[in-house]
Structure formats: C-alpha cells, structure tokens
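# Fold and geometry: a report
This is what each chain is made of:
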Amino acid sequence: MSRNMEADVVIVGAGLSGMIAARTVLAAGLTPLVLEADTRVGGRILTEEVAPGLPVEIGAQWIGDTHERMFALAAELDVETFPQYEEGETSYELVGSGVLRENDFHTRYADELASLERVFRELDQLAAEVPVDAPWLAPRADAWDAITAGAWYDAQGLSVVARTLLEICTVGILAVPTVEVSFLHLLFTIQTCGVTSELFAESEGGAQTTRFVGGTSEIPRRLAALITDHIVLEAPVQLIEHSADSVTVHCRGGITARGRRVIVAVSPTLAGRIMYDPPLSGVRDQLTQRMPNGSSMKAFFVYDEPFWRADGLNGQLISDIGPARMSNDTCIPGDDHGVLLLFLEGQQARTFGRMPTGERRSALTAELVRHYGDKAAHPEFYVDGEWSDRQWTRGCYNANLGPLVWTTYGAALSAPIGAIHWASTDTATYWSAYMEGAVEAGERAARAVIAELTR
Ligand SMILES: Cc1cc2nc3c(=O)[nH]c(=O)nc-3n(C[C@H](O)[C@H](O)[C@H](O)COP(=O)(O)OP(=O)(O)OC[C@H]3O[C@@H](n4cnc5c(N)ncnc54)[C@H](O)[C@@H]3O)c2cc1C
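Residues numbered from 1 in each chain as written. Predicted model: local features only at pLDDT ≥ 70, side-chain atom pairs only at ≥ 80, totals over all residues. Heavy atoms only, no water.

### Details of the pairing of strand β2 (residues 9–12)
- Neither face of β2 is open: one carries Val 9 and Ile 11, the other Val 10 and Val 12, and all of them are buried.
- For β2 and strand β3 (residues 32–35), the ladder comprises four bridges, and the chain directions are parallel. Its bridge partner lying in β3, Val 12 is registered against Leu 35.
- What joins β2 to β3 is helix α1 (residues 16–27), and the crossover it makes is right-handed.
- Both β2 and strand β14 (residues 261–264) contribute to a ladder of four bridges, which runs parallel. Each residue of the ladder has a partner; that of Ile 11, found in β14, is Ile 263. (Buried < 20%, exposed > 50% of the residue type's maximum accessible area, 1.4 Å probe, protein only. Helix = DSSP H or I, 4+ residues; strand = E, 2+ residues; numbered from the N terminus. Pairing = 2+ DSSP bridges. Right-handed = clockwise from strand over helix to strand, strands pointing away.)

In structure tokens, the structure reads:
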C-alpha cells in the first residue's frame with residue numbers, strides 16, 4: 001500500500017547512528033523520519049535470550065573506558081553497566097606450544113612478547129601521524145596505503161609465535177586477515193581509538209571493560225522509545241531522488257518520504273546498493289565498491305556454572321588451532337550459569353560459518369575441552385550468530401579498506417553530496433567500527449544538516 005510521508009530530515013537506518021542522528025535533529029526543533037528496513041531497531045546490536053532471563057550478545061557487547069558518548073547515553077537512558085570479569089589466567093595454544101596457562105606462556109615466550117611490545121609502540125608512533133578526518137593526508141600516506149598491514153607485520157622480523165599472536169589480535173579487531181587491509185587503514189583504526197593498548201584484546205581494559213545490564217539492546221530499545229513516532233520499520237530504502245535542497249526517498253512496499261535532507265546511516269556497502277537519482281559520482285561509487293564488511297560470528301556455550309573460574313582461569317583463550325582464536329567469560333552477575341563466548345573471525349568465520357551448526361558446535365566443543373577440560377563438553381545451551389547472511393548488515397564488525405582505497409577514494413567517505421549526508425560507525429573519526437563511533441557519526445551528520453537547515 002502506498003503511503004506518502006514528510007519530514008525535514010529523512011534518515012536511512014535505525015541503528016545507533018541513525019537513531020542518534022534523529023534524536024539530535026529532533027532536539028534542534030526539526031522533524032526527523034527514520035526508515036528502517038528490518039523488523040527491529042538496533043542493527044549490529046542484537047541481544048537474544050538463550051534461556052529465560054539469560055541474555056547473550058549476538059552483536060555488540062562491550063564499551064571501554066574512553067567511550068564517553070556511550071557511557072553518557074547509557075546513563076541518560078538509565079541502562080546500568082557492569083564490569084567485564086577479568087580474574088584469572090588466559091589459556092594459550094600457539095604454534096605447537098600445547099595448551100599453556102598465561103604465566104607459563106609469558107615465561108616461555110618472554111622475548112617474543114617483548115618484541116611484540118616494541119611493534120605496538122612503533123604502531124602507536126606511526127598512527128599518531130594519521131589525521132583521522134583525512135588519513136590520505138598523512139605524511140607517508142601513499143607508502144602506507146600501498147602495502148597491506150600483513151606485509152608490514154611480516155617485515156618486522158618477529159618470531160613465528162609473536163607474528164601469530166599479532167595476527168590473532170588484529171583479526172580480532174578487523175575481522176579480516178591482515179593481508180586484506182591497507183597498512184594506512186590499520187593505522188587509521190588505531191588512531192581513531194587512541195593507542196594500541198586501548199584496542200588490542202590482549203591488553204587489559206581497552207575496548208572491552210564494561211557491559212550493559214539487561215543486554216546491549218536495551219540502548220537502542222530505549223532510544224527508539226524516545227523517538228518512536230519518527231521511526232518506520234520494514235521500510236527498506238531502494239531509491240533516493242535528490243536535488244541541492246530536497247530529497248524523495250522511496251522504500252520497497254510503497255512508502256515515499258519527502259524531506260529537505262537525507263542522512264544515510266548504513267554501512268558503505270549497503271549505501272552503495274541504494275539507487276540514487278541523479279546517480280552519484282564515480283568516485284563515490286568506486287569507494288563503496290571497495291569497502292567490504294568483515295566476517296565474524298559469535299558462539300555461546302552456557303553451562304550450569306562457570307567451572308573455569310574455580311580453576312583460576314578467566315575464560316579467555318588465544319589459539320592458532322581454533323576454530324575460535326579467542327574467547328571470553330560472558331557470565332551475567334547474579335545468574336549462576338557459566339557462559340563462554342567464542343569468536344570466529346576472518347577466515348575462521350568464513351570457513352566455519354558455512355558448516356552445519358552441529359559440525360561447527362562439535363569443533364568448538366573440542367577446542368573448549370582442550371582448554372577447560374571435560375566439563376566443557378556438556379553445555380546446557382548453545383547458540384551462535386552469523387552476520388553476512390543478514391540482508392541488512394552483510395558482515396561485520398565494520399567496513400575495512402584495502403590497499404590504495406584511502407588515498408584514491410577516501411575523501412568521498414563522509415563528504416555530503418548536495419542534500420545527502422552520510423553516517424554509520426564506518427564514517428566515524430573516533431572509535432570507528434564501535435558503538436561509540438556510531439554515536440559520533442550520527443551526531444556529526446545531524447549537526448551538519450541542522451547547520452544547513454537553520455542557517
Ligand atoms: C558481532 C558483533 C560484535 C560487535 N561487538 C562490539 C562491541 O563489543 N563493542 C562495540 O562498541 N561495537 C561492537 N560491534 C560494532 C557495533 O555493533 C557497531 O559499530 C554499531 O552498532 C554500528 O551502528 P550503525 O548505526 O553505524 O550501523 P548498523 O547497526 O549497521 O545500523 C544500520 C541500520 O540500517 C538498516 N538498513 C540497512 N540497509 C537499509 C536500507 N536500504 N533501508 C533502510 N534501512 C537499512 C539496518 O537494518 C540497520 O538497522 C559489534 C558488531 C557485531 C556485528
């Protein structure tokens with residue numbers, strides 16, 4: 001059934017970025033209208049109950065100490081937080097080491113770990129030269145964008161153990177192998193987050209210190225409640241007609257929304273699948289053809305208790321055998337269950353994501369048994385979540401840029417085109433790829449639109 005709607009600012013996508021943009025527009029006295037393709041808000045944030053009262057995060061889970069906007073948003077929405085469980089040792093198995101506890105691993109590989117520290121410091125120094133709002137202007141941008149992160153890593157003279165650990169840490173952030181990513185993009189990613197110690201999962205603290213009571217989806221759910229009259233679900237945007245001062249946005253199913261500006265708050269890959277009339281420049285389209293989303297899936301094993309804690313383990317593992325390269329203890333305070341989260345990222349997600357669930361679960365169970373013993377073989381519940389099959393996400397955690405993309409096309413990433421503005425975490429300059437970045441990008445796009453419309 002056709003339906004014509006009007007607003008000052010039409011927003012594509014009710015993820016965090018789109019809804020923050022809508023709220024900011026509304027607060028400025030303008031009318032937003034958010035068109036969301038899916039049956040729910042939240043996008044890459046998705047909490048599911050694995051058992052009654054036991055939420056697990058299929059999507060985003062943590063915030064870190066420097067995620068100021070997310071802490072402020074949680075406080076405003078009255079969503080309480082709790083700290084990530086960190087007590088005990090990490091369990092390692094790398095390059096034929098067998099399963100080793102953290103202290104033993106650190107003793108045996110002290111030299112390798114020291115060399116890795118030196119690489120992290122070098123990365124921090126190089127990243128500090130990258131302007132986050134224009135990485136292509138870094139003094140050595142051309143050279144850094146001409147090689148992959150993997151090639152730079154290979155040239156550091158690291159031992160096999162150190163190089164393997166570095167790969168695992170980096171794939172844990174980018175969700176693609178380092179041979180697929182420009183070195184400039186890696187430095188940009190580090191710089192948007194501060195320093196490597198904030199970013200890499202091996203470090204304490206950083207991006208994974210804090211979780212949300214009731215699940216991360218409480219954030220988009222409560223945010224949506226504040227702007228509920230301005231959100232339409234099941235409205236996939238297919239075509240944006242635009243001029244310098246107006247837009248008409250057409251959705252599958254017959255909704256047409258007219259506005260003075262549009263903010264497209266979806267990942268660049270999905271933004272590139274919308275039709276634009278008149279068509280966008282070749283530069284913009286070539287960019288969105290070159291910003292693929294990563295590959296990651298999360299698998300949760302739920303036990304009657306967190307038995308690994310009694311053994312002095314923190315629930316984290318690091319393995320190059322896998323299938324999962326990393327894990328976390330994701331128990332809920334006040335609930336007796338033990339919950340382990342295993343990450344399949346990059347090639348692991350691509351390979352194991354295609355398997356029948358039973359086979360994937362068996363392979364992951366065998367890994368858990370190696371690290372945590374036979375008790376790990378008998379979970380009460382198992383659930384996993386894949387993202388590339390989801391039509392309105394098509395991979396995660398975010399978009400990564402391969403060699404030569406930043407320096408050739410990067411300027412087109414967030415530059416408005418007439419009445420069209422761009423948001424989503426993939427356009428952020430602070431904690432890009434994270435929820436914090438989604439908020440920053442939504443605010444930035446909304447502020448730009450407000451400035452134009454209230455001039
Ligand atoms: C498995 C996983 C784990 C993660 N872990 C963390 C974490 O621990 N901490 C952290 O900070 N971040 C994490 N992230 C990243 C975080 O989820 C994202 O940075 C953030 O949610 C992105 O928000 P967004 O609004 O920019 O994009 P999205 O959430 O992708 O929102 C885009 C919205 O647009 C909709 N849409 C798409 N196409 C159309 C269309 N044509 N028409 C209308 N609507 C459309 C989508 O349905 C979606 O709702 C994780 C993500 C995943 C998937």
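Still more to cover.
### Topic: the nonpolar core
- Among the nonpolar cores identified, the biggest contains 67 residues, and Phe 105 and Leu 123 are the most heavily contacted of them.
- Ignoring sequence-local partners within four residues, the contact set of Phe 105 consists of Tyr 92, Leu 94, Leu 100, Leu 113, Val 161 and Leu 165.
- Counting residues in each nonpolar core, the second largest holds 36 residues, with Val 25, Leu 223, Ala 224 and Ile 450 among its members. (Core = buried A, V, L, I, M, F, W, Y, C linked by side-chain atoms within 4.5 Å. Contact = heavy atoms within 4.5 Å.)

### Let's talk about the site of the ligand
- Around the ligand sit 36 residues, and of these Glu 36, Arg 44, Trp 62, Thr 425 and Ala 433 come closest.
- In this structure, Ser 17 approaches the ligand through a main-chain N or O atom, which is 2.9 Å from an oxygen atom.
- The contact in question runs from a nitrogen atom of the ligand to an N or O atom on the backbone of Val 237, over 2.9 Å.
- Against a free-state accessible area of 1,000 Å², the protein chains account for coverage of 97% of the ligand.
- Secondary structure elements with two or more residues in the shell around the ligand: α1 and α17 (435–453). (Near = heavy atom within 4 Å. Polar contact = N/O pair within 3.5 Å; in protein donor to acceptor, adjacent residues only side chain to side chain. Areas by Shrake-Rupley, 256 points an atom, 1.4 Å probe, with all protein chains shown as cover.)

### With respect to the sheet that holds strand β21 (residues 420–422)
- In spatial order, the strands read β10-β3-β2-β14-β21; together these five strands make up an open sheet with parallel pairing. Edge strands, defined here as strands with exactly one partner in the open sheet, are β10 (231–232) and β21.
- The pairing of β14 with β21 spans three bridges and is classified as parallel. In the sheet register, Val 262 faces β21, and the bridge partner there is Ile 420.

### Observations regarding the layout of surface pockets
- Estimated volume of the second largest pocket: approximately 200 Å³.
- Lining the second largest pocket are 16 residues; nearest its centre among them are Val 132, Asp 133, Ser 414, Thr 427 and Thr 429.
- Classifying every residue of the lining of the second largest pocket by side-chain character gives nine nonpolar, four polar and three charged.
- Of the domains in this structure, domain 1 (3–43 + 217–292 + 400–453) and domain 2 (102–203) are the two that each give at least three residues to the lining of the second largest pocket. (1 Å grid on protein atoms, 1.4 Å probe; cavity = no way out; pocket = protein on both sides within 12 Å on 5 of 7 lines; lining within 4 Å. Points joined across faces, edges and corners; volume = space filled by probe spheres on them. Nonpolar A, V, L, I, M, F, W, Y, C, P; charged D, E, K, R; others polar. Domains from an automatic or database assignment.)

Distances and angles like these do not, on their own, reveal function.
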